[in-house]
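# Secondary and tertiary structure notes
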Amino acid sequence: MKKRKYAFFGFLFLVQLGLFAQQNPSGKDFTQYVNPFIGTGALDSLSLSGSNFPGACFPFGLVQLSPDTREYPDDPCSGYDYNDGTILGFSHTHLSGTGCPDLYDFLFMPFSGNVQWDAGSDDGKTEGFRSPYRHRNEKASPGYYSVILDKYNIKAELTATEHCGMHRYTFSGNDLARLMIDLDHSLVRTSPYRYCKILTAQVKVIDNKTIEGYRIISSWAKLRKVYFRAEFSRPFDSWLIREGKYEFENAPVGNHQNLKMIVNFKDHSSPLIVKVGISAVSAEGAKANLNAEIADFDFDKVVNSAKQAWNKELSCIDVTGSKQQMTIFYTGLYHLFIQPNNIADVSGEYPATDYSIKTAPDKKHYSTFSLWDTYRAAHPFYTLIKQEHVAGFINSMLRQYDTYGYLPIWQLWGSETYTMIGNHAIPVIVDAVLKGIKGFDYQLAYEAVKASSLVPHRNAPFNLLDKYGYFPEDLQSQSVSITLEIAYNDWCTAQLAKKLGYEEDYKYFMNRCCSYKNLFDKNIGFFRAKDSTGKWITPFNPLTYGGNGGYPFTEGNGWQYLWYVPHDVYNFVDLLGGNDKFIQKLDTFFTLNARPEDVNGNASGFIGQYAHGNEPSHHVVYLYDYTDEPWKAQYYSAQIMNEQYNDLSSGYSGNEDCGQMSAWYLFSSMGFYPLNPANGIYCFGSPQLEKVTLYLTDGKAFQIITHQGKSDNNKITIVDDEISISSNKSNIYIKKIVLNGKPYKKNYITHQDIMAGGFPLGKIFPISNSFPDLLFKLTLFLFH
């Protein structure tokens, strides 16, 4: 037996590669681990949560049929807050985890008794139809949602297909069964930060079992056209159309900016079922989508189909861990697979970015690209386990290049919103090419990537960058963040140029990707803004936060953006004064507490200056892997997972951001993370799960096994012939890594290794194999 006086690691990290005949050979129901209520509400008014919705949706689908608790949603942007006590109705489209509100198309609300417009309301607000509800009567699982509306004693159930929603309402009592349909319901209109206007809307009675309608709306997405076709399981007896403050009984059609409808049913002896087709193209598209996906009124069959579809997607990874870990993991995977959304009809027709109607050959056209968030971990995660979707995402991005001349920045419903900065479709595409993912045109992709790096557009005036070597703050707001993020984009562009043989382009972009150095003030050790004369902008306080304009930093501060050089870490280490000073600066970052007077609404989830609730911090933990103290990456990643994720409505420490917050946990809980999202290298952290099996392409599987050392408080235990000193939560440090039965001495693994097996070639950065007493002391300090 080998003995050590001190051992600093709590578990064995074992990586195995194997072949399996099929994905999900156990036939396991992975949907049982998903809790759609995670991220739907903070515990108190001072906290943030995920801005997720609990309703029914389909993987990567157009429809998200979910309850809204707000008349005009703003915060949370999902339209639903777990802490609200009443429900307004159920609308058919929602965003998952975003910081900006939009969609909420076609609100349906069943009720009984009298029509209940707000008293004194001339425009027919639907607040009066609200109903209290109780969480004990509310259920949600992938593809299904139900609740009892206490005011009316109506049980409402929802399910969804890719393009359709389905409702089942069970009425009680003898009152007239009624359904209110609101085409005006949309995001907040009184905020100075939001804009929303219904340009026109129409509802039309086709027959006594069918209604069609549409609305054209300008909001976060500049112009959206949305169509629906609703078919009922039994005839309605009468109806009312309200245009603004005017009401028309049994009118065949209604047209107005503020349009609502009430449908009445005398017979409510059995549940009322409504199936609703949605289209971003046309009324004909909504009808075709409905005919293709819901043939009859068998609600339970649609529920089961949705569950099977979700189980198929979730079965790409089989994990073993505690009940809470598995719930957080699979709910994160569920949130990751809600978007990007296929906005093409079953025919393949979709609304192009130039507002024309085009046809996708594969009948898929994806939108909802929250790229400033998702390029960091969500898209790299797709390349591991959803390569069949990656090409579809990229082909959809390339279609924007065809009309705009550059790639998406934050695209919603096929419309560019210009939200956030940088052009992070670039790393997504470059990463896919370098990983060898097929299904899109590499030359066209390079053309689009290069153009997106050269053609000036909003928040990317490249002429300024070429003239000054940075973006001057007096000419371009958010200048420091934009300079740093575009420097990374340039590195990505250079790698693709090199891959495809464009040597001169490679040299140009490799030179420009070093522009971050031009904003580094070596006297204070921070990136800071300069003006167009080359002078530092004063005063400078690295603790002060910026938002989305009017300040050099975007949704962060000088401390958080200090670390944004993911493409050139070694030179950045030297810039900060070498390994020891780099570590000291990182240590300060994680221990210098945030001051309330400095923080704005864009920051949450603090560990010192690290703010996990927003994306600029997400990679920083793993910078320790580039030093001789990689164990700190393990310590802090474990702390974040244990403290900032849970299986309650407060499950995220900030907006979940279309899968990015989830993807951070998914990667980190498996034990590694893509610090640079486009170089195919995953840095080790602290694996939390006992066992992970990734089902890859071609029948392969990659397996990660973590052997936890069993311990009580302050007990010495023997683990794998090693003596370790541990406490209840000390099993977070990697003691040994074994890959395919052989010792593994690096603190990273490559994408190629995971996808194909074998051993890494070369040394990317060092790992500490012997640990001095100082480390032991720091370890004891951190534990206490």
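Everything here concerns the structure above.
Here's what I pulled together on the structure shown here. Since the model is a prediction, treat every value here as computed from it, not as a measurement.

Of all the 5 residues making up strand 3 (residues 64-68), 5 are buried; the element is thus mostly covered by neighbouring parts of the structure. Here strand 2 (residues 56-57) runs beside strand 3; their pairing, made up of 2 bridges, is antiparallel. Across the sheet, alanine 56 pairs through a bridge with leucine 65, a residue of strand 3. Where strand 2 folds back onto strand 3 in an antiparallel hairpin, the turn is made up of 6 residues, including phenylalanine 60, whose phi is positive at roughly 60°.

Remark: the centre distance and the inter-plane angle together describe each pair of aromatic rings, the angle taken between the planes. Per the counting criterion, the structure on display carries 66 aromatic pairs. Measuring from ring centre to ring centre gives 4.6 Å for tryptophan 220 and tryptophan 410, while their planes differ by 55°; the resulting arrangement is tilted. With tryptophan 220 in the loop between strand 14 (210-218) and strand 15 (224-232) and tryptophan 410 in strand 27 (residues 410-412), this pair connects stretches of sequence that are 190 residues apart. On the basis of relative accessible area, tryptophan 220 is assigned to the buried category, the value being 15%. Under the relative-accessibility criterion, tryptophan 410 is labelled buried at 3%. For the ring pair tyrosine 624 and tyrosine 636, a centre distance of 6.1 Å and an interplane angle of 15° mean the geometry is stacked. Of the two residues, tyrosine 624 sits in the loop between strand 32 (610-611) and helix 15 (631-644) while tyrosine 636 sits in helix 15, which places them 12 residues apart along the sequence. Taken individually, tyrosine 624 and tyrosine 636 each receive the classification buried, so the pair is uniform in this respect. The ring of tryptophan 413 has arginine 224 lying over it, and the distance from NZ or CZ to the ring centre is 4.9 Å. We note lysine 530 situated over the ring of tyrosine 470; from NZ or CZ to the ring centre the distance is 5.4 Å.

Quick look at the sheet that holds strand 33 (residues 672-673) now. If you walk across this open sheet you meet the 3 strands as 33-34-41, and the pairing is antiparallel. Here the strands that pair on one side only, and so sit at the sheet edges, are strand 33 and strand 41 (748-750).

Attention now moves to the side chain of threonine 693. Looking at the element boundaries, threonine 693 is found in strand 35 (residues 691-695). Classification of threonine 693 by relative accessible area gives buried; the value is 4%.

Considered as a void within the structure, the largest pocket measures approximately 1,200 Å³ in volume. Along the wall of the largest pocket there are 48 residues; nearest its centre are Gly99, Arg194, Gly601, Asn602 and Asn655.

Criteria and thresholds
- Residues numbered from 1 in each chain as written.
- Predicted model: local features only at pLDDT ≥ 70, side-chain atom pairs only at ≥ 80, totals over all residues.
- Heavy atoms only, no water.
- Buried < 20%, exposed > 50% of the residue type's maximum accessible area, 1.4 Å probe, protein only.
- Helix = DSSP H or I, 4+ residues; strand = E, 2+ residues; numbered from the N terminus.
- Pairing = 2+ DSSP bridges.
- Phe/Tyr/Trp six-rings, centres within 6.5 Å; stacked < 30°, edge-to-face > 60°.
- Lys NZ or Arg CZ within 6 Å of the ring centre and 35° of its normal.
- 1 Å grid on protein atoms, 1.4 Å probe; cavity = no way out; pocket = protein on both sides within 12 Å on 5 of 7 lines; lining within 4 Å.
- Points joined across faces, edges and corners; volume = space filled by probe spheres on them.

Without other data, these values stay purely geometric and don't point to any function.
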